[in-house]
Structure formats: structure tokens, C-alpha cells
Amino acid sequence: TLTMVGVDGYRIAICKEKMNESTEDISFVVPGKTLSKISKMLNENSDSNVDISVSSRHVIFKIDRYVVFSRLLEGEFIDYKRACPKDFQTTLKVNTRELLQSVQRVSLLINDRLRSPVVCDFSSGTGEINLVCNTEMGKASDSVNAKISGNDVHIGFNGKYLEEALTNSDCDEIKIGLNSALSPMSIMPDDGDSFLFLVLPVRLKNTGNSV
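Treat the numbers as computed from the prediction; the structure is a model and nothing was measured.

## Digging into the packing of aromatic side chains
Moving on, step 1. The tally for this structure, following the rule as stated, stands at three aromatic pairs.
Moving on, step 2. The interplanar angle of 65° and the centroid separation of 6.4 Å between the aromatic rings of F77 and Y80 together place this pair among those described as edge-to-face.
Moving on, step 3. For F77, a relative accessible area of 34% corresponds to the partly exposed category.
Moving on, step 4. Classification of Y80 as buried rests on a relative accessible area of 19%.

This is the structure in C-alpha cells:
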């Protein structure tokens, strides 16, 4: 299994893929620019296999007739496993496309000048996710049906980060785990562990916190 992890100050993305051949356990850190180029090449050669060769300081990707040679980053990667919650006070299952489209609709009022969080209310009583976005331009709201169990949660997110996580969730239904308004949201497949997205929330004024 090839496990790939990307982090920044606000989110974590983890993806697992089966490999055609087994290999010894190895861990290495690849520059983001290299992986961006690899991603573009794979979009153009979606049916191709990728051969990866790794040494102590370099990695080589072979895709069809292309060869990408890159240095590896030195040092230990962040201990991302410690940031991944094991248990949740609130869990839900929701249709991926429906939630993505809802986030996109309420995010229409957001741009580089008008920044505002997408506020989400998860209610086990109504079985709905209510989304609201307020900017100087106006207010947008929407709702999505979901199977919710546990505590109700009122929480805000950067709409772009939430949209990117949902866009890359390659399954029809996702599972979401929450603990509090200040804890990250975990987005996972309904079945299996092929990916995990962690998105940190935005502090909201109406919860006693400032944006």
C-alpha cells in the first residue's frame, strides 16, 4: 500500500492506493512542486502506470515516455497520526455530491474581497446540515439531509478548503466525524480507509470566539 500525506497549517489530506508490486517499508518526503507536475502528467495519461524509484536523496517517477527526477526533502515529516481523531462525539453520513453542491451554492457570496466562513449546523434532531454564509453582499443559506447521530454542532469552515476536500472525495457517500466547534472535521469514505481529510474550523463570533 502506498500512503500519501499532504499538510499545511489548516488541513491534512491522506490517501491510500494499492501497489502492483510489494516492496520494503520506506518513507520519503517529496516537494510539493514535483507532485504538482506529476499530477498534471497523470491527468494527461490517466491510464498509465507509474514506476517509482527511491534512493536516500532522490526519487524518480516514470510515466510512459516521461521521467521526472527530483530531490527529496530532508528531515522527518510531521507526526500527522497524532492529529487524527480516533473517536467522535458526532458522526454522520451524507451524499457527497449533495453536500458539495450545497457548499458551492452558499460560497457564491465569497471572493478575495468578501471573505466569510461557511457556517454549518449539524442537527441530529432534524437530520439536516444547515449551511449559511453572510457577507456585505448578502446572505445565502441551504440545507442537506444526512444521517446524524450524537451531539449537535455549530461550526464554521473556510469554504474553499471544505469544497476542495469534498471535490476529491471519490465516493458517492462520505462519513464525517466531529467533536466540537474548535476541533477539526474528519471526512472519510463510508466504507474503508482509502482517504481522510482533516479541515480545521474557523472561530465564530456568535460562539464566543472571533473570526
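## Description of unusual backbone geometry
Moving on, step 1. Residues other than glycine seldom take positive phi values, yet D64 does so here, at roughly 55°.
Moving on, step 2. In this structure, D64 sits in the loop between strand 4 (58–63) and strand 5 (66–71).

## Topic: a nonpolar patch on the surface
Moving on, step 1. Taken together, the side chains of V7, F77 and I78 define a hydrophobic patch exposed on the protein surface, amounting to about 250 Å² of accessible area.
Moving on, step 2. Position of I78 relative to the elements: it lies in the loop between strand 5 and strand 6 (90–95).
Moving on, step 3. Here I78 falls in the exposed class, since its relative accessible area comes to 52%.

## Overview of the pattern of salt bridges
Moving on, step 1. Following the criterion strictly, the structure yields five salt bridges and no others.
Moving on, step 2. We note a salt bridge from K16 to D193, for which the minimum N-O separation is 3.2 Å. One end of the pair, K16, is in strand 2 (residues 11–17); the other, D193, is in the loop between strand 13 (185–189) and strand 14 (195–199), and 177 residues separate them in sequence.
Moving on, step 3. Given the relative accessible area of 32%, K16 is considered partly exposed.
Moving on, step 4. In this structure, R105 and D142 form a salt bridge, with 2.7 Å as the shortest nitrogen-oxygen distance. Residue R105 is found in helix 2 (residues 96–106), and its partner D142 is found in strand 9 (residues 138–145); the two are separated by 37 residues along the sequence.

## Re the sheet that holds strand 4
Moving on, step 1. Reading across from one edge, 3-4-5 is the order of the three strands in this open sheet, with antiparallel pairing throughout. Single-partner strands in this sheet number two, and they are strand 3 (50–54) and strand 5. Strand-to-strand twist of the sheet, defined as the mean angle between neighbouring strand axes without regard to direction, takes the value 15°.
Moving on, step 2. Bridge analysis of strand 4 against strand 5 gives six bridges, and the strand direction is antiparallel. Bridge pairing in strand 5 places V59 opposite S70.
Moving on, step 3. On the sheet, helix 1 (residues 32–44) packs against strand 3, strand 4 and strand 5 and is oriented at approximately 10° with respect to strand 4.

## Quick word on the state of the cysteines
Moving on, step 1. Going through the model one piece at a time under the given rule, you end up with zero disulfides.
Moving on, step 2. Not engaged in a disulfide, the cysteine C15 finds its nearest cysteine sulfur in C171; these two sulfurs lie 11 Å apart.
Moving on, step 3. According to the relative accessible area criterion, C15 is partly exposed, its value standing at 28%.
Moving on, step 4. As a non-bridged cysteine, C120 has C133 as the owner of its nearest cysteine sulfur, 10 Å distant.

## Brief notes about the environment of V103
Moving on, step 1. Its location among the elements puts V103 in helix 2.
Moving on, step 2. The class of V103 is buried, set by a relative accessible area of 0%.
Moving on, step 3. For V103 and P85, which are 18 residues apart along the polypeptide, the C-alpha to C-alpha distance reads 24 Å.
Moving on, step 4. Ignoring any residue separated from it by four or fewer positions in sequence, one finds V103 in contact with L131, G159, L162, E163 and L166.

## Thoughts on the packing of helix 2 against helix 3 (residues 159–167)
Moving on, step 1. Between helix 2 and helix 3, the shortest axis-to-axis distance is 10 Å and the interhelical angle comes to 155°. With respect to each other, helix 2 and helix 3 are oriented roughly antiparallel. In the packing of helix 2 onto helix 3, the handedness of the crossing is left-handed. Residues T96, L99, L100, V103 and Q104 of helix 2 form the contact with helix 3, whose own contacting residues are G159, L162, E163, L166 and T167.

## Focus on the sheet that holds strand 14
Moving on, step 1. Reading across from one edge, 1-2-14-13-12-6-10 is the order of the seven strands in this open sheet, with antiparallel pairing throughout. In the strand order of this sheet, the two ends are held by strand 1 (2–7) and strand 10 (147–150), each with one partner. Strand-to-strand twist in this sheet, taken as the mean axis angle between neighbours without regard to direction, amounts to 15°.
Moving on, step 2. Pairing geometry for strand 2 and strand 14, over five bridges, is antiparallel. Within strand 14, the position partnered with C15 by the bridge is F195.

Cut-offs used in this document
Residues numbered from 1 in each chain as written. Predicted model: local features only at pLDDT ≥ 70, side-chain atom pairs only at ≥ 80, totals over all residues. Heavy atoms only, no water. Phe/Tyr/Trp six-rings, centres within 6.5 Å; stacked < 30°, edge-to-face > 60°. Buried < 20%, exposed > 50% of the residue type's maximum accessible area, 1.4 Å probe, protein only. Helix = DSSP H or I, 4+ residues; strand = E, 2+ residues; numbered from the N terminus. Patch = residues over 30% accessible without salt bridge, like charges linked within 9 Å, V, L, I, M, F, W, Y side chains within 5 Å. Areas by Shrake-Rupley, 256 points an atom, 1.4 Å probe, with all protein chains shown as cover. Salt bridge = Lys/Arg side-chain N within 4 Å of Asp/Glu carboxyl O. Pairing = 2+ DSSP bridges. Axes fitted to C-alpha atoms, helices over the stretch in contact; angles between N-to-C directions. Contact = heavy atoms within 4.5 Å. Disulfide = S-S within 2.5 Å. Parallel < 35°, antiparallel > 145°, perpendicular 65-115°, else oblique. Left-handed = near helix turned anticlockwise from the far one by under 90°.

Scope: geometric values only; no functional claims are made or implied.
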